[in-house]
Structure formats: structure tokens, C-alpha cells
Amino acid sequence: MINLKQRIYDELNLKKQADELGVKVWQAPSFLFIVMGFIIVVAMTAVYVVSINYDYPEIVVISESLVVVLLFTIGSFIIRTVEEVAKANKMKTEFVSIASHQLKTPISEMKWQIELLLIKFSTGLSVKQTEIVNEIAHSSEKMGRLVNDLLDVARIDQGQLALAKEEINFCDLVDDSVQSQKIFAKARNIDLATSCNVDKLMVLVDKRRLSVVLDNLISNAIKYIDGNGKVEVVVENADGFAQVCVRDDGVGIPKNEQDNIAKKFFRSNNSIKNRTDGTGLGLYIAKNIVEQSGGKLWFKSIENVGSEFYFSIPLVDNEKNNLNFK
Amino acid sequence: MAKLLIIEDDLVLQKALSEYLTSEGFEVECAEDGEIGAKLALTGKPDLILLDIVLPKKDGYAVLAEVRADENSKNIPIVLLTNLGSISDVEKALELGATTYLVKADYKLEEVTAKVKELLHIK
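This is a predicted model, so every value here is computed, not measured. (Residues numbered from 1 in each chain as written. Chains lettered and ligands numbered in written order. Predicted model: local features only at pLDDT ≥ 70, side-chain atom pairs only at ≥ 80, totals over all residues.)

Enquirer: Hey, could you run me through the packing of helix α4 (residues 57-120) of chain A against helix α1 (residues 11-23) of chain B in this one?
Expert: Relative orientation and spacing of two packed helices are given, respectively, by the angle between their axes and the distance between those axes. Relative orientation of the contacting elements α4(A) and α1(B) amounts to 30°, with a least axis distance of 9 Å. Taken together, the axis directions place α4(A) and α1(B) in an arrangement best described as roughly parallel. For the crossing formed where α4(A) meets α1(B), the hand is left-handed. Two secondary-structure elements touch here, α4(A) through Ser108(A), Glu109(A), Trp112(A), Gln113(A), Leu116(A) and Lys120(A) and α1(B) through Val12(B), Leu13(B), Ala16(B), Leu17(B), Glu19(B), Tyr20(B) and Ser23(B). Its residues assigned to classes, the contact of α4(A) with α1(B) shows seven nonpolar, three polar and three charged. (Axes fitted to C-alpha atoms, helices over the stretch in contact; angles between N-to-C directions. Helix = DSSP H or I, 4+ residues; strand = E, 2+ residues; numbered from the N terminus. Parallel < 35°, antiparallel > 145°, perpendicular 65-115°, else oblique. Left-handed = near helix turned anticlockwise from the far one by under 90°. Contact = placed C-beta atoms within 7 Å. Nonpolar A, V, L, I, M, F, W, Y, C, P; charged D, E, K, R; others polar.)

And the structure:
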């Protein structure tokens, strides 16, 4: 008896069911069943109203049964499909998450060993040997970033991306990011400049993750310039928000692809796609991190003219004044 | 000289971390499972503990709870070393009294050392 009660309760606990399948509440099977029931009742009433004009009760009974059987079959089929797709999706996300966790251990081992070698035990290594170890370090960094990106995507999809928020000066964060990309820009003959008309914009963010967002936007701007060019990073106080704009005169994004740009694994089919490496995860992650920090990310782009990527984060004071902010 | 306790079952990571910290002038003690780790934490009087979460015999959360429950060791700073790092893992760790946490694959040894020094107020 208790079991039955518990089962009924579980079936009606839409929120729990939706969380378990990783879908929205209105996509939960029980909710869809309730909707189906409602549709069937409406259809039965309609059939009754129409067939009442005929004087044959058999016709009413037959049409009612037909309507119920038909709607129930179609409805159950749809609900089962939705449930299966949701389950498969969830399994896929879990797989990515588990696989990335497993990969992280050997990556940490490699990174720490290389660091130990280079910093504490490098005496006796020849210039050539040091150069090779540095190359290995570089590759392991790259692999680490890739695994991190995959794991972040899995966490975003599970609603489990943890942000360690602290109060920092947004201007310093942008400066650090620009500095770290200077070598990369120089190597590609790109002029990387910043302009900031304020010197203090306090925000509550996860410093590491937000610098990943900035690095992504700036390195994208540099990567997608064909030949020489200019990247400009502008920081300003926009109505209680710290706002940054990364502007380039690169290849731009074709208009018909602009809606897809922040989707998972999407890479624009622009003229230099094959000459630049990328996974199509950077902007998806960036958008989610910014939004989870209470901000917004958007862009403007014209093909063969350039792109402007913006994002804004609420200033700390602004956040305190706004009680509805979450 | 500050005394550190590293509780980490991955011996490659444990060795790299302990050698780096030793060369930075720390006295380092290591444990490779939660049971030995908890014992050393309660009896060895470390100044700071670096603690992995996924451990054989007793996991990091259990060690954390045990250390925090003991009068002599409840104020020792504990840095969680993990490759987990989802919201629920982090929340659970901080709730149980971890001082801070580091994701191993994202941190360099140099950064781990800087964190340890910061927590022990060593310049």
C-alpha cells in the first residue's frame, strides 16, 4: 500500500522526473500523459457533440472508441520516443563526463611531472632536451584544455558547472588576458590593443573561468583574421554592467550561420575554417559561463568586414541593489 | 619549517607534489589511503593537509569529517585536491569544513605551492 502511494507520488512528482531525465518539466512523461488525457477528453466531447445529431447510438460508441484508441496509440508513441531520446541524451552526457574524469588523472600526472623536471630537476639538460620537454609540456597543456572543454560542456548540460565566485576588478582581468595573448598576436602579425576609460569595475565572478571566456574571445578574434589585422579590446561601464567588446577586422561570420554560432560543436563555414583549429566549444562554454555569472553575451558580425563580440557582467554594487538578482 | 600531510592515492601525483614541496623547504609526510591519512592527520600534528577526495579504504569526505571532529586537529587548514569539481562535490566539501579546493589538472605545482604558502602566511 505504501509502495503504491509512493509510486503514485513519484509519478506525479514532475520536477523530480524531469531532473532525472535531464529535461524540462513540460517534457516529463507524466506531464505529457496528463496533456494526452486532456486532449482525449476534448476529442471525445467533440465527437459526442458531432455524432449526437445522428440517431444511431452505435455510431457514437464506435467513433468514441476509435478516437480514444487512435489518440492513445499516437500519444503513447510520442511520449515513449521523447523519453527514450531524453535517456539517450543523458547517457551521452554522463559518458563524456566519466571519460573526461578518467582522462584528467593521467593529464595531471604528466603536467606535474614535466613541471617538476623543468623547474626543479633541469640541471644537466641540454638546450635541445629542454626544447623537446617544452614541446611536450605545450602538447599536454593543449590536451588538458580539450578535456576541460569537453568536461565543461558535459557539466553545463547537467546543470553542474561550479563557479567559485570572488570579487575582483574586471579591468585587471581583461588586462591579464590581453597580456597573455600578446605573443600569440605578435606571431600572427596582429596588432592587439586595449582601451579602458575606467580603472575599477568590481564584479563577482569565477576568475579562472571568466579569463577562459576572455581568452576564447580574444584568441578567436586573432585566429579569424586572414593576414595582417587589428584586434581591439574595449572595456567600459555600461549602466551598472562591466562590458567588454572584442573587435576584429577578420573574416566575419556569414549571416545565415550567425544563429548557430554559440551552439555546441558548431564551426562557421568561413573562408579560413580549414586553416584554423577549433572544436566549436569555446563560444558555447563562454556564453554559459557569462550567463551563469548573471551577464549576457552577444555579437555583431559582417562577413569579410569583421566581428564584434560583447559581454557584460553586473557590477557588485548593482547586484546588491537589485534584490531580484539571483 | 611547516609540516604538510599529503593524502593522495595516485603515487605519481603524490611523489611529484611531495618532491616539489620538499624542495620549497617544507617537511612533507604522505599517506596513500584514507585510513592511514586520517591517523596521521590526528597524530602527526601537520600544519596543513592536502587531501584527495577519491581514496581507498576511507574517502576524502570521511577523513575531512574525522579531522574536523577532533579537538586537536579541527583548525588545521585542509586543501582538497580533486579532479571532480562539480557543484555538488565542491559544496559538500566546503560544507564539511574544507578550507579550499584545487582541481589537480588545472593547477600547476607552483600554484598549489603558492596556495599552501598563502594559507600558512608564508611569504
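This is not the end of the story, as more comes after the structure.
Enquirer: I keep staring at α1(B) and nothing clicks. Help me out?
Expert: For an α-helix, the turn length of 3.6 residues means that residues three or four places apart are oriented alike. Relative to the 18 Å expected for 13 residues at 1.5 Å per residue, α1(B) spans 18 Å between its end C-alpha atoms, a close match to the ideal helical length. Listed in full, the buried residues belonging to α1(B) are Leu13(B), Gln14(B), Ala16(B), Leu17(B), Tyr20(B) and Leu21(B). Residues of α1(B) that are buried sit in contact with α4 of chain A together with β1 (3-7), β2 (27-31), β3 (48-52) and α5 (109-119) of chain B. In the segment just after α1(B), Gly25(B) is the residue with positive phi, at about 100°. (Expected span 1.5 Å × (residues − 1). Buried ≥ 20, exposed ≤ 12 C-beta atoms within 10 Å, placed from the backbone.)

Enquirer: Where do I start with the nonpolar core in this structure?
Expert: Across soluble globular proteins, you tend to see nonpolar side chains buried next to one another. Ranked by size, the top nonpolar core spans 49 residues in total, and within it Phe170(A), Val174(A), Val213(A), Leu217(A), Ile218(A), Val231(A) and Val246(A) carry the most contacts. With eight residues, helix α7 (residues 207-223) of chain A is the single largest residue contributor to this core. No fewer than three residues from each of domain 1 (1-161) and domain 2 (166-321) of chain A sit in this core. Not counting chain neighbours up to four residues away, the residues in contact with Val174(A) comprise Thr194(A), Leu214(A), Val233(A), Val235(A) and Val244(A). One finds Ile6(B), Leu21(B), Ala41(B) and Val116(B) within the second-largest nonpolar core, a separate group that totals 33 residues. (Core = buried A, V, L, I, M, F, W, Y, C linked by C-beta atoms within 7 Å. Domains from an automatic or database assignment.)

Enquirer: Looking at this structure, I do not really get the environment of Ala69(B). What am I missing?
Expert: Residues and elements named next belong to chain B. The topology assignment puts Ala 69 in helix α3 (residues 60-69). Exposure remark for Ala 69: the 11 C-beta atoms within 10 Å place this residue in the exposed category. Put simply, Ala 69 and Gly 97 are 28 residues apart on the chain and 10.0 Å apart in space, counted from C-alpha to C-alpha.

Enquirer: Even after reading the chapter, I still don't get the interface of chain B and chain A, so can you show me in this structure?
Expert: A common way to express how large an interface is: the accessible area buried when the components associate. Facing 19 residues of chain B, the contacting portion of chain A comprises 15 residues. Elements with a contribution of two residues or more to the side of chain B that touches chain A: α1, α4 (87-95) and α5 of chain B. Examining the composition of the side of chain B that touches chain A, we find that seven residues originate from one element, α1(B), more than from any other. In terms of residue class, the side of chain B that touches chain A is made up of nine nonpolar, five polar and five charged.

Enquirer: What is the right way to look at the sheet that holds strand β2 (residues 190-196) of chain A in this model?
Expert: Strand pairing in a sheet relies on backbone hydrogen bonds. The paired strands run either parallel or antiparallel. Residues and elements named next belong to chain A. Read from one edge to the other, the open sheet built from five strands follows the order β2-β4-β5-β7-β6, with strand pairing classed as mixed. Each edge of the open sheet carries a strand with a single partner, namely β2 and β6 (296-302). On average, each strand axis in the sheet is tilted by 15° relative to the strand beside it, whichever way the strands run. In terms of strand pairing, strand β4 (residues 229-238) meets strand β5 (residues 241-248) through eight bridges, oriented antiparallel. Along β5, the bridge assignment pairs Ala 238 with Phe 241. Where helix α6 (residues 170-187) meets the sheet, it contacts β2, β4, β5 and β7 (306-314), and its direction lies at approximately 170° from that of β2. (Pairing = 2+ DSSP bridges.)

Enquirer: Would you mind going over the pairing of β7(A) with me for this structure?
Expert: Within a regular beta strand, the side chains point alternately toward one face of the sheet and then the other, so they alternate between its two faces. All names here are of chain A. For β7, the tally of buried residues reaches seven of nine residues, placing the bulk of the element in the interior. Pairing geometry for β5 and β7, over eight bridges, is antiparallel. Within β7, the residue paired with Asp 248 across the bridge is Ser 307. Where β6 meets β7, seven bridges bridge the pair, whose relative direction is antiparallel. The partner of Leu 297 across the bridge, within β7, is Phe 311. In sequence, β6 turns back onto β7 through a hairpin of three residues, with Asn 304 there showing a positive phi of about 65°.

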